[in-house]
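# Observations on the model geometry
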Amino acid sequence: MDRTERFYKIEQLLHERGVVSLERFLEHLGVSRATFKRDLDYLRERLNAPIEWDRNARGYRLAAGDAKFELPGLWFNASEIHALLTMQHLLANLQPGLLASHIAPLQARLDSLLERGDNTAEEVRRRIRILHAAARPVEPRGFQLIAQALLDRRRLRLRHYNRAEDLRSERVVSPQRLVYYRDNWYLDAWCHWRDALRSFAVDSLEDVAALQDEAVSLADDALSAALGSGYGIFAGPRLQTAVLRFTAQRARWVAQEGWHPQQAGRYEPDGRYRLELPYADDRELLMDILKYGPEVEVLAPPSLRAKVARLLADAGALYAAPSLENAG
């Protein structure tokens, strides 16, 4: 139990029991007498908690007239509120199924966690929003088959649609793990056709069938080495280093962003920002570079620089001539 949680527990016990002995506090908080005394001093001196010792009742209580006291200014950190609101978003969009009877009490529990002081859970949701962009729907039955085979360690037969090449193929794979990334689900699997690890967007699997054959299982470190070393969802064993330089204005944002766990960045004397990061497959990296338009330059490697230049030229060509919709 961390310190903030102890503060709320102290407040809760005082509201529920009226008078709380030192022994009961120590039992519920699981701390030493000295730690409790420090917590109590902080509550009194820094948060103005009206906690007093009742000599006759041999315990602590809230001062007369302050029985409705609530701790001010103690709330969630960024990761906690993101987790709670994301869970609520996922539950709200959950289709009817085996969990239906469990959803209502779980949502009620999340509401109680969100509520602090005079703010209702609905007010919190209205004022603080978690936006999910570009999520692609996944067919429920297919997802269930994948998850069950993954946990049962059974192979899967897939019909995969490759959007980039507009091709369909039949695969037999050994599922390794499911990954939720940028609001979409991906299946990391050993492809017995390619004899290599591959990541499949779950929404691109048009047909899924579970097989009785036992799946090949790879060690976690092998998965991380093969799939976790690249950039974004695209991975591979042959790494290159992208060197990007952002304008001084864009540097105010990019310098604070995490593009890759192994990135390295520094400001240049004129205020521009130099970012270096590894990648194995440039598809996702290209999308992230192109969204910054003239505010970023690819310095290396030459192959990546040439690709970006070509794509920008192709985009510019679309605007070189008048739009057909505006012609005439």
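Data block above holds the structure.
Okay, so let's go over this structure. This structure is a prediction, so every number in the text was calculated from the model and none was measured.

Taken in spatial order, the four strands line up as β9-β10-β8-β11 in an open sheet, and their pairing is antiparallel. Of all the strands in the sheet, the pair left with one neighbour each is β9 (264–267) and β11 (296–300). On average, each strand axis in the sheet is tilted by 20° relative to the strand beside it, whichever way the strands run. Pairing geometry for strand β8 (residues 240–246) and β11, over four bridges, is antiparallel.

Packing of helix α10 (residues 283–290) against helix α11 (residues 302–318) leaves a shortest axis separation of 11 Å and a crossing angle of 55°. If you check the angle between α10 and α11, you find them oblique. Where α10 crosses over α11, the two elements pack in a sense that is right-handed. For the pair α10 and α11, contact is made by L285, L286, I289 and L290 and by L304, K307, V308, L311 and L312, respectively. Each residue belonging to the contact of α10 with α11 can be placed in one class, and the counts come to eight nonpolar, no polar and one charged.

The next point concerns a nonpolar patch on the surface. Taken together, the side chains of L290, L311 and L312 make up a nonpolar region of the molecular surface, amounting to roughly 210 Å² of accessible area. With respect to the helices and strands, the residue L312 is situated in helix α11.

Under the definition given, this model contains 12 aromatic pairs. Their ring planes at 25° and their centres at 5.9 Å tell us that W259 and Y292 sit as a pair that is stacked. Of this pair, W259 sits in the loop between α9 (248–254) and β9 while Y292 sits in the loop between α10 and β11, placing them 33 residues apart in sequence. Across this residue pair, the class does not change: W259 and Y292 are buried. Connected via pairs of aromatic rings, a cluster forms that spans F25, F36, W53 and Y60. Directly above the ring of Y161 sits R168, whose terminal nitrogen or CZ lies 4.5 Å from the centroid.

Before going further, it helps to spend a moment on the nonpolar core. Core analysis: the biggest nonpolar cluster contains 19 residues, and L244, F246, W259, L277, L285, I289 and L304 have the highest contact counts within it. Every element with two or more residues in this core is listed here: β8, α9, β10 (273–279), α10, β11 and α11. The element that contributes the greatest number of residues to this core is β10, accounting for four residues. Leave out the neighbours within four places in its chain, and F246 touches V254, W259, R272, Y273, L275, Y292, E295 and V296. Within the second largest apolar cluster, 18 residues are counted, among which are L22, A49, L62 and F69.

What counts, and at which threshold
Along each chain, residues carry numbers from 1 onward, in the same order as the chain's sequence is written. Totals for whole chains, interfaces and linings use all residues, but because this is a predicted model, local features are given only for residues with pLDDT of at least 70 and pairs of side-chain atoms are given and counted only at 80 or more. Side-chain descriptors were evaluated using all non-hydrogen atoms of the structure, hydrogens and water having been removed beforehand. Paired strands are those between which DSSP finds at least two bridges. Each helix is a run of DSSP H or I of at least 4 residues and each strand a run of E of at least 2, with the numbering of both proceeding from the N terminus. To obtain each axis, a line is fitted to C-alpha atoms, and for helices this fit is confined to the stretch in contact; angles are then taken between N-to-C directions over 0 to 180 degrees. Should an angle fall under 35 degrees it is taken as roughly parallel, and over 145 as roughly antiparallel, whereas 65 to 115 is taken as roughly perpendicular and any remaining angle as oblique. Take the far helix as the reference: if the near one is turned anticlockwise from it by less than a right angle, the crossing is left-handed, and if turned clockwise, right-handed. Contacts are assigned to residue pairs that have any heavy atoms within 4.5 Å of one another. For this classification, the nonpolar set comprises Ala, Val, Leu, Ile, Met, Phe, Trp, Tyr, Cys and Pro, the charged set comprises Asp, Glu, Lys and Arg, and every other residue, Gly included, is treated as polar. To count toward a patch, a residue needs a relative accessible area above 30% and no salt bridge. Like charges then connect within 9 Å, nonpolar side chains (Val, Leu, Ile, Met, Phe, Trp, Tyr) within 5 Å. Here the open area of atoms and residues is found with the Shrake-Rupley method and a 1.4 Å probe, where only the protein chains shown may cover a residue. In the sections that follow, a salt bridge refers to a side-chain nitrogen of Lys or Arg positioned within 4 Å of a carboxyl oxygen of Asp or Glu. Aromatic rings from Phe, Tyr and Trp, taking only the six-membered ring of Trp, are treated as a pair when their centres fall within 6.5 Å; an angle between ring planes under 30 degrees marks them as stacked, one over 60 as edge-to-face, and anything in between as tilted. Using a 1.4 Å probe on the protein chains alone, a residue whose accessible area is under 20% of its type maximum counts as buried, one over 50% counts as exposed, and one in between counts as partly exposed. Charges are assigned to positions over rings by a cutoff of 6 Å between ring centre and Lys NZ or Arg CZ, combined with an angular limit of 35 degrees from the ring normal. Grouping buried Ala, Val, Leu, Ile, Met, Phe, Trp, Tyr and Cys residues that are joined through side-chain atoms within 4.5 Å yields what is termed a nonpolar core.

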